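Observations on the three-dimensional arrangement
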Amino acid sequence: MNMEPHLDFGGIKVYQGDCIDVLDKLPPESVNTCITSPPYYGLRDYGTASWAGGDKSCDHELPDEAGQTTKPTEGQETYLLRFTGCTCWKCGAMRNDKQIGLEPNLGAYIYNLVKVFSKIRKVLRDDGSLWLNIGDAYSSNKALLGVPWKVAFALQDDGWLLRSSCVWSKPNPMPESCRDRPTKSHEMVFLFTKQPNYYYDFLGNAEKGEYGPKNCRDVWFIPTESCKEAHFATFPRKLVETCLLSVAPAMGRCSHCGRPLQRIIKSERIATRPGKNNKTDPTEMSNRDSGRHVTKITSIGWKFGCGCNTTKAEPCIVLDPFIGSGTVAGVAKHFKSKCVGIELNKEYIKLIPRRVKYITNKYKGIKQQDPVKSTRNGFLCFDHLKRLYSTMRD
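Worth saying up front: this structure is predicted, and the values here are computed from it rather than measured.

About the criteria used
- Note on numbering: residues in each chain are counted from 1, in written sequence order.
- Restriction of local features to residues with pLDDT of at least 70 applies here, the model being predicted, together with a cutoff of 80 or more for giving and counting side-chain atom pairs; totals for whole chains, interfaces and linings are based on all residues.
- Values reported for side chains reflect all heavy atoms of the structure, with hydrogen atoms and water molecules removed beforehand.
- Two strands form a pair only when DSSP identifies at least two bridges running between them.
- Under the DSSP-based scheme used, a helix requires at least four consecutive residues in state H or I and a strand at least two consecutive residues in state E, with every element numbered from the N terminus.
- A 1.4 Å probe rolled over the protein chains alone gives each residue an accessible area, and that area as a share of the maximum for its type sets the label: buried under 20%, exposed over 50%, partly exposed in between.
- When a carboxyl oxygen of Asp or Glu lies within 4 Å of a side-chain nitrogen of Lys or Arg, that pair is called a salt bridge.
- To estimate the expected span of a helix, count its residues, drop one, and scale the result by 1.5 Å.
- Note on geometry: axes are lines fitted to C-alpha atoms, helical ones only across the stretch in contact, with angles between N-to-C directions running from 0 to 180 degrees.
- Residue contacts follow a heavy-atom distance rule, with two residues in contact if any of their heavy atoms lie within 4.5 Å.

1. Regarding the pairing of strand S7 (residues 161-169)
Pairing between S7 and strand S8 (residues 186-193): eight bridges, direction antiparallel. Within S8, the position partnered with Val 167 by the bridge is Met 188.

2. Focus: helix H4 (residues 237-244)
Burial analysis of H4 places eight of its eight residues in the buried class, the great majority of the element. All of the buried residues in H4 are Arg 237, Lys 238, Leu 239, Val 240, Glu 241, Thr 242, Cys 243 and Leu 244.

3. Side note on the pattern of salt bridges
Side chains carrying opposite charge are able to pair once their charged atoms draw close together. In total, this model carries 13 salt bridges according to the counting rule given. Between Asp 126 and Lys 194 there is a salt bridge whose closest N-O contact spans 3.0 Å. Taken as a pair, Asp 126 in strand S6 (residues 124-134) and Lys 194 in the loop between S8 and strand S9 (207-209) lie far apart in primary sequence, 68 residues in all. The class of Asp 126 is partly exposed, set by a relative accessible area of 34%. The partner of Glu 207 in a salt bridge is Arg 217, and the shortest N-O contact between them spans 3.4 Å. Here Glu 207 is found in strand S9, whereas its partner Arg 217 is found in the loop between strand S10 (212-214) and strand S11 (219-221), with 10 residues between them in sequence. Arg 217 gets classed as partly exposed once you look at its relative accessible area, which sits at 40%. Among the ionic contacts, a cluster of salt bridges with common partners joins Arg 125, Asp 127 and Arg 259.

4. Looking at helix H2 (residues 106-123)
Taking 1.5 Å of rise per residue, the 18 residues of H2 would be expected to cover 26 Å, and the 26 Å separating its terminal C-alpha atoms lies within 8% of that figure. When you tally the buried positions in H2, you get 13 out of 18 residues, the bulk of the element.

5. Some thoughts on the sheet that holds strand S1 (residues 7-9)
Backbone hydrogen bonds hold the strands of a sheet together, and the pairing may be parallel or antiparallel. Strand order in the open sheet made by the nine strands is S1-S2-S17-S16-S3-S6-S8-S7-S11, with mixed pairing throughout. Both outer strands of the open sheet, S1 and S11, are each paired with one neighbouring strand and no more. Strand-to-strand twist in this sheet, taken as the mean axis angle between neighbours without regard to direction, amounts to 15 degrees. Helix H3 (residues 147-157) contacts S6, S7 and S8 of the sheet and is inclined by roughly 10 degrees relative to S8.

Below you can see the structure in the form of structure tokens.
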């Protein structure tokens, strides 16, 4: 791979540039999981555009309907490549922009995301997974566009296997001035895989149950985190952690084939209450009523489940093609995984070392000022929303 990372520290490599160009240069089937949140459709301009020609003193502006004055024939790919080819209506300068989210229509946005994730599928291991967080948007006539599910269906059509749709419920959502609909307080997090058989450690992000851990549910109550610097939409670290721990164990992966280590579990069936007419069986194990028994699962160790003739492990590799301020990198580092990130905006890359340091210190309990300030640090609510508020920390 003839490409040098913009940042390279502590097992974290960040490449500056268009994610499609960078992904083409990454080794195939080299990452264990991808955890990412691409720019939302029509939300903001991240300031990555350049202009060619025209008047250099002009404060360039696009037409209200971007792309209409230079609309090419149907099927021409340049129309879909993020405003490339659109012109300033004042001086005629040509705009060149590779950021995602400011496409002239939703179809172009979905097209670009499908193209990005098709590249990700090539660098993802066959037993790997993709966690995708994406928000919705409204059209100019107040219609909800249904962006997350349209993207999910498009990825399915492109060959991805949709395994789960999780709801990220926000107890502290962004305030809205609307009075004709409920306030948005959730986003979708999708789990995609390349094939039906893939690596997933259900105890990694399991919930706490009365009789031991139980499988994670698909509604997550996690507070949002805000940023006082350049990056507006900071990934909550608890959201990243919930995704990461099920697909990239801290024990690492086989150094030969790259398959994550497999957890060794012990299953024990225990009675939850006395059964009737069990005088001959004081252990209650003869009562097979599912309402009176549960299966308690305990983790007792790890093993190499790949069959390779080695006992050497190395860190798993996590990919975030829209790494922003680096929350995924910080969480991955804490849980002993390596991270490969891609970011188009050089200014956001400058935030990453400080953000990573803040996150790792936060896990250690070190008091500090947040360079990317968060409003609250919450913990996943497993059974009741009430428990969430009791576990929040300022």
